[in-house]
Amino acid sequence: MKTKTLKKDKVNIITLGCSKNLVDSEVLSGQLRANDIDVVHENAKRDHNIVVINTCGFIDKAKEESINTILEQVELKDRGKLDKVYVTGCLSARYRGDLEAEIPGVDAWFGTMEMPALLKKFDADYKSELVGERLLSTPSHYAYLKIAEGCNRTCSFCAIPLMRGGHVSRPIEELVREAARLVKMGVKEVMLIAQELTYYGLDLYKQRRLADLLNAIADVPGIEWIRLHYAYPSKFPMEVLEVIRTRKNICNYIDMPLQHAANNMLKAMKRQITREEMETLITEMRAQVPGICIRTTLIVGFPGETLDDIEELKQFLEKMRFDRVGVFTYSHEENTSAYELVDDVPAEEKERRAQEIMEVQQEISLEKNQAKVGQVFRVLVDKKESGRYLARTEFDSVEVDNEVIISTTKRLQPGQFVNVRITKAYDYDLEGELVD
């Protein structure tokens, strides 16, 4: 007589949105694995029976992608390809009531801070002793380190505090332990992320402690590169610049979203800073850390934005000559203070303005890249693709910035550092040859 064997659950985690979501998914994976549950990220084999979708609810395009992904997975469940579909993350936190009514095929919904409740669905316990343990979904040579959750800023366009709550810093000792664990896993580049890095420590230590945290992580043996993402310009802790300049394993790189340059827009966005103050800050950064790479992001199409404001933004870019720039079109988000304003710039016009801004930056980027031809840089090899190696300088973060293309018959490994002489420059990429 044959007996039916119960098939063991296998969980596939699909992550949408930002690197902070990615870290949450990695932590969830670590917790499931510690509870002896088979778990994978973005499983291409489709040999799983349970899906957890970690959603993004930041702007319209992200919400649309999240909803489409949920509907695709619910359809697979309806066809008998899946047993369970669980949804977590920002979209779920923000719109749970509406989503439960609209998509009844989802088995359970969870907010951004409800991992213990999600684990209960697997008869698994949240193991607090595993804080910092993660199953990396990135290549093993780099990882994100989330130093805080939430945000206390009141930017009028931003829904993040609605989804992730107020700023909560993680203790320095805990972060140092996690950084050391990442090194043991093969990580060489650690990217510090938070909704707002510069606020770090104010809640926990009653003072800004980002500089102290940087020094502590820079002391961890084996960390070759430390990179800073998402620093807020208002009340920037200037002592951080000395740490960046003096510590060799902290990249001369900072990601500082400025969002606009016209003072009327900055005021309407509640950015707590003026164009003049931003220019002073950037000038001081470049004086204290010669050669620092500054990446910024901008928003166009905010309510009330005029063509004169766009002209001012273009002039600002031409004057400040940022190394890296990303442009977003304004998304009218419920329950933000800007939602009370009239979303008066048509979608097509928002896209046209974004393109106009990027054309200005494209020229600046090409000129800056051309100046690198003939210079030698230490680069980190990320992967091999189409017979060529793709690498990055310390001035480039993964996925969002320039890549260095290396053609060589020599065998290189992901995570290997090599010296490269730049031979060609493009708008956003470089080509180089190995230097012995």
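Residues numbered from 1 in each chain as written. Predicted model: local features only at pLDDT ≥ 70, side-chain atom pairs only at ≥ 80, totals over all residues. Heavy atoms only, no water.

## Quick word on unusual backbone geometry
Applicable threshold: The secondary structure listing takes helices from DSSP runs of H or I that are at least 4 residues long and strands from runs of E that are at least 2 residues long, numbered from the N terminus.
Positive phi values are uncommon outside glycine, yet Asp36 reaches one of about 65 degrees. Relative to the helices and strands, Asp36 resides in the loop between α1 (19–34) and β2 (38–41). Look at Asp123: it is not a glycine, yet its phi comes out positive at around 55 degrees. Checked against the element boundaries, Asp123 lands in the loop between α4 (115–120) and β6 (142–146).

## Focus: the sheet that holds strand β16 (residues 403–406)
Note on sheets: strands pair through backbone hydrogen bonds, and any given pair is parallel or antiparallel. Let me state the cut-off plainly: Note: two strands are recorded as paired if DSSP finds a minimum of 2 bridges between them. To obtain an axis, a line is fitted to C-alpha atoms, over the contacting stretch when the element is a helix, and the angle between two such axes runs from 0 to 180 degrees between their N-to-C directions.
One closed barrel holds the five strands; their spatial order is β14-β15-β16-β18-β17, and the pairing between them is mixed. Adjacent strand axes in the sheet meet at a mean angle of 55 degrees when their direction is disregarded. With three bridges connecting them, strand β15 (residues 388–392) and β16 associate as antiparallel partners. Among the inter-strand pairings, Tyr389 is bridged to a residue of β16, identified as Ile406.

## Some words on helix α12 (residues 307–320)
Formally: Expected helix span is computed as 1.5 Å times (number of residues minus one). Residue contacts follow a heavy-atom distance rule, with two residues in contact if any of their heavy atoms lie within 4.5 Å.
The end-to-end C-alpha separation of α12 is 20 Å, in line with the 20 Å expected for 14 residues at 1.5 Å each. Looking at the buried positions of α12, the neighbouring elements they touch are α10 (263–268), α11 (275–288), β12 (293–300), β13 (324–329) and α13 (347–370). Looking at the residues trailing α12, positive phi occurs at Arg321, about 50 degrees.

## A closer look at the environment of Ser407
On the secondary structure map, Ser407 appears in the loop between β16 and β17 (417–425). Spatially, the C-alpha atom of Ser407 lies 13 Å from that of Val418, the residues being eleven residues apart in sequence.

## Focus on the sheet that holds strand β5 (residues 108–109)
Here we have five strands laid out as an open sheet, ordered β2-β1-β3-β4-β5, and parallel in their pairing. With one partner strand each, in any of the chains shown, β2 and β5 form the two edges of the open sheet. Strand direction decides the pairing type here: strand β1 (residues 10–15) and β2, joined by four bridges, are parallel. Looking at β2, one finds that Asn12 is bridged to Val40. Strands in contact with helix α2 (residues 60–78) are β1, β3 (50–55), β4 (84–89) and β5; relative to β3, the strand with the most contacts, it is inclined by about 170 degrees.

## Remarks on the UniProt feature "domain: TRAM" (unreviewed entry) in the protein
Convention followed: UniProt positions are given in the numbering used here, feature names are shortened, and annotations may be inferred rather than shown by experiment.
In the UniProt entry, the feature "domain: TRAM" (unreviewed entry) is given for residues 370–436. A distance of 23 Å separates the end C-alpha atoms of residues 370–436, which is 1% helix and 51% strand.

## Overview of the UniProt feature "binding site: [4Fe-4S] cluster 2" (unreviewed entry) in the protein
Stated precisely, the cut-off is as follows: Relative accessibility thresholds used throughout: buried, under 20% of the residue-type maximum; exposed, over 50%; partly exposed, between the two (1.4 Å probe, protein chains only).
Feature annotation in UniProt assigns "binding site: [4Fe-4S] cluster 2" (unreviewed entry) to the following positions: Cys151, Cys155 and Cys158. Take Cys155: it is sitting in the loop between β7 (148–149) and α5 (160–164). Overall, Cys155 belongs to the buried group, its relative accessible area being 11%. With sequence-adjacent residues up to four places away left out, Cys155 is seen in contact with Tyr232, Met269, Lys270 and Arg271.

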